[in-house]
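# Summary of structural features
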Amino acid sequence: MPWFGSSKSAIEAMVEAHYVALYRFAYRLSGSAQLAEDLTQETFCLAQKKLHQLREEERAKSWLFAILRNVYLHQARSSKLEKQVSLDGIPEIADRSTENGAGPDSAQLQKALNELPEAFRTPLILYYFEDFSYKEIAEQMNVPLGTVMSRLARGKAFLRQRLTDQSDLIVKANQGEVK
Amino acid sequence: MECHEVQQLLAFVDRKCGELDDTEREIVQQHLDKCPACAELARAERQFDALIAPVMVDVPVPTTLHQNILAKLDADRGRVPWKTALAMAACLLIAVTAGWVWFQQTHPELKSADVPQLFFNGNQSVESVEGYLADRGVDAKLPGIIDGSLLEEVDVVHVKGKPVAKFTYLRIENGQKNKAYVLALSPRDFRLGELTHGMKIANMNSVFVHHEDGYVFIVYCSSLEAFRQFLKA
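Keep in mind it's a predicted model, so treat the numbers as computed, not measured.

### A few points about helix α2 (residues 33–49) of chain A
Because an α-helix packs 3.6 residues into every turn, residues spaced three or four apart end up facing the same way. Its 17 residues place the ends of α2(A) 25 Å apart at the C-alpha level, agreeing with the 24 Å of an ideal helix rising 1.5 Å per residue. For α2(A), the complete set of buried residues consists of Ala36(A), Glu37(A), Leu39(A), Thr40(A), Gln41(A), Thr43(A), Phe44(A), Cys45(A), Ala47(A) and Gln48(A). Looking at the buried residues of α2(A), the elements they touch are α1 (7–30) and α3 (60–79) of chain A together with α4 (65–77) of chain B.

### Quick notes on the nonpolar core
As a rule of thumb, soluble globular proteins bury nonpolar side chains together. In this structure, Met14(A), Phe44(A) and Leu159(A) are the most contacted members of the largest nonpolar core, which totals 71 residues. If sequence neighbours within four positions are ignored, Phe44(A) has contacts with Ile11(A), Met14(A), Val15(A), His18(A), Tyr19(A), Leu22(A), Leu64(A), Ile69(B) and Leu73(B). Val156(B), Val182(B), Tyr215(B) and Phe230(B) belong to the second largest nonpolar core, which has 25 residues in total.

### Brief notes about the interface of chain A and chain B
Each side of the interface is counted separately: chain A has 45 residues, and chain B has 35 residues. In this assembly, chain A packs against chain B so that about 3,800 Å² is buried in total across both faces, 65% of it on carbon and sulfur atoms. On the chain A side of the contact with chain B, Tyr128(A), Glu130(A) and Tyr134(A) bury the most area, a combined 17% of that side's loss. Linking chain A with chain B are five salt bridges, by the criterion used here.

### Looking at the pattern of salt bridges
Note that side chains of opposite charge can pair when their charged atoms are close. All names here are of chain A. For the structure on display, the rule yields 14 salt bridges over all chains. Across the pair arginine 69 and glutamate 118 runs a salt bridge, and its minimum N-O distance is 2.6 Å. Taken together, the positions of arginine 69 in helix α3 and glutamate 118 in helix α5 (residues 118–129) put the pair 49 residues apart, joining distant regions of the chain. Here the two residues arginine 69 and glutamate 118 agree in accessibility, since each one is buried. With its nearest N and O atoms 3.2 Å apart, the salt bridge here joins lysine 135 to glutamate 139.

### Focus: the confidence of the model for chain B
Residues and elements named next belong to chain B. Summing up the model confidence of chain B, the mean pLDDT is 79 and the portion of residues at 70 or higher is 81%. The spread of mean pLDDT over the elements of chain B runs between strand β1 (residues 111–112), the lowest at 48, and α4, the highest at 91. For the stretch residues 110–116, pLDDT sits under 50, and the model shows 17 contacts to residues farther than four places along the chain or on other chains.

### Topic: the packing of helix α1 (residues 3–13) of chain B against helix α2 (residues 22–34) of chain B
Residue and element names in this part refer to chain B. Where α1 meets α2, the axes come as close as 10 Å, and the angle between the chain directions of the two elements is 125 degrees. With respect to each other, α1 and α2 are oriented oblique. Relative to α2, the crossing made by α1 is left-handed. When α1 is examined against α2, the residues Cys3, Val6, Leu9, Leu10 and Val13 are found in contact with a partner set consisting of Arg25, Val28, His31 and Leu32. Here the contact of α1 with α2 is composed, by residue class, of seven nonpolar, one polar and one charged.

### Focus: helix α6 (residues 134–141) of chain A
All names here are of chain A. Restricting attention to buried positions, one finds in α6 the residues Tyr134, Ile137, Ala138, Gln140 and Met141. All buried residues of α6 fall inside an arc of 160 degrees around its axis, so they share one side. Immediately downstream of α6, the backbone of asparagine 142 shows phi near 60 degrees, a positive value.

### As for the environment of Tyr27(A)
As for its placement among the helices and strands, Tyr27(A) is situated in helix α1. Residue classification places Tyr27(A) among the partly exposed positions, given a relative accessible area of 21%. Measuring from C-alpha to C-alpha, the distance between Tyr27(A) and Thr40(A) comes to 9.3 Å, with 13 residues separating the pair along the chain. Ignoring anything within four residues of it in the chain, the contact list for Tyr27(A) reads Ser32(A), Ala33(A), Ala36(A), Gln110(A) and Val59(B).

### Examining the pairing of strand β6 (residues 207–212) of chain B
Residue and element names in this part refer to chain B. Taking burial as the measure, the six residues of β6 include five buried ones, the bulk of the element. Of the strand pairs in this sheet, β6 and strand β7 (residues 215–220) are connected by six bridges, and their pairing is antiparallel. Bridge pairing links histidine 211 to valine 216 in β7.

### Quick notes on the packing of α2(B) against helix α3 (residues 36–56) of chain B
All names here are of chain B. Where α2 contacts α3, the axes come no closer than 6 Å and their chain directions differ by 115 degrees. With respect to α3, the element α2 is oriented roughly perpendicular. Judged by the twist between their axes, the crossing of α2 over α3 is left-handed. Of the residues in α3, those touching α2 at Gln29, His31, Leu32 and Lys34 are Pro36, Cys38, Ala39, Ala42 and Arg46.

The rules behind the values
Residues numbered from 1 in each chain as written. Chains lettered and ligands numbered in written order. Predicted model: local features only at pLDDT ≥ 70, side-chain atom pairs only at ≥ 80, totals over all residues. Heavy atoms only, no water. Helix = DSSP H or I, 4+ residues; strand = E, 2+ residues; numbered from the N terminus. Expected span 1.5 Å × (residues − 1). Buried < 20%, exposed > 50% of the residue type's maximum accessible area, 1.4 Å probe, protein only. Contact = heavy atoms within 4.5 Å. Core = buried A, V, L, I, M, F, W, Y, C linked by side-chain atoms within 4.5 Å. Buried area = accessible area lost by both parts, 1.4 Å probe. Salt bridge = Lys/Arg side-chain N within 4 Å of Asp/Glu carboxyl O. pLDDT = per-residue confidence, 0-100. Axes fitted to C-alpha atoms, helices over the stretch in contact; angles between N-to-C directions. Parallel < 35°, antiparallel > 145°, perpendicular 65-115°, else oblique. Left-handed = near helix turned anticlockwise from the far one by under 90°. Nonpolar A, V, L, I, M, F, W, Y, C, P; charged D, E, K, R; others polar. Arc of directions from axis to C-beta. Pairing = 2+ DSSP bridges.

Written out as structure tokens, the structure is:
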């Protein structure tokens, strides 16, 4: 990414390079197109104000994602958007025996993600985006690497359980077993 | 390598971020080649990830988003953040308050008390002046450094709601009348430095502060030279 002298050029270069990834993250995090657009815009506005705090150009993407997550958490706290679903019953190693190979569609995936607490949702989204290493995810979330791995495993197990149940229903519906 | 160690590393094997080096990757693969249970686990993980990953990133981006972000950034550039605006307002308020306090200290509001003025012909004793004031509830003394024979008038004024003696001295030199006014602040009514904090004698063009026996005298003269003329030799 080019790194220009003026802050206006620098922030516009950041927008160009990262707005698509940020929007997609915001969408998966919030589950809403409108919220995702607001979060993305607010993230860049905050980045514009705090640009002097970014010391290393190569960390810009990670920095922006961390800002977006903080903005989301702030909004979620004030509007009580965030749910607190317990994952106590979900083991880290899920039962894979029922997998039938059918993938979920985008809405099914989003529905399952929406049921997850943010602490489990964020590592899952970032894991599948493949933009960041586990270490970078841990830094963004300000938690130890082991915590990220554990949340990721339990989040995947939860996702597998929810989506497998849904896939089974779809398969059964296609076979005429469910009306 | 044990199965549980390999299972922990499986999460890192297929990452594009290159979280395992070639050697580690090879060790994991060798284990998978000879361990059907771990191989099945790895296969299931890869299959699940292959199903989820493309769906996860399948989020249509609004075509107007890029322009909307740039417009919002432009609008935001001209706006003063509320925290900055609040800090600026607070600074302004502090500056105005400090200026007002300073002005009040250096230019006390004088309100004539409902007490008849006392005119002197230069022959009154110090005791008679201080007695006159004491009879009217005013704790005051004449400043010893100023030539008492030049005292022409004694008045009682209110400063911050408290009665204060105001002395008027007069000197005629080269046909010019020079007046000096002195407010006598008693330690009974005013905290030390309450009206004169930071002021020293001869530190301003027309206002001088003098301390004597716990009393503070604020002397108003037209100039330092005029002030000197009223001092005792």
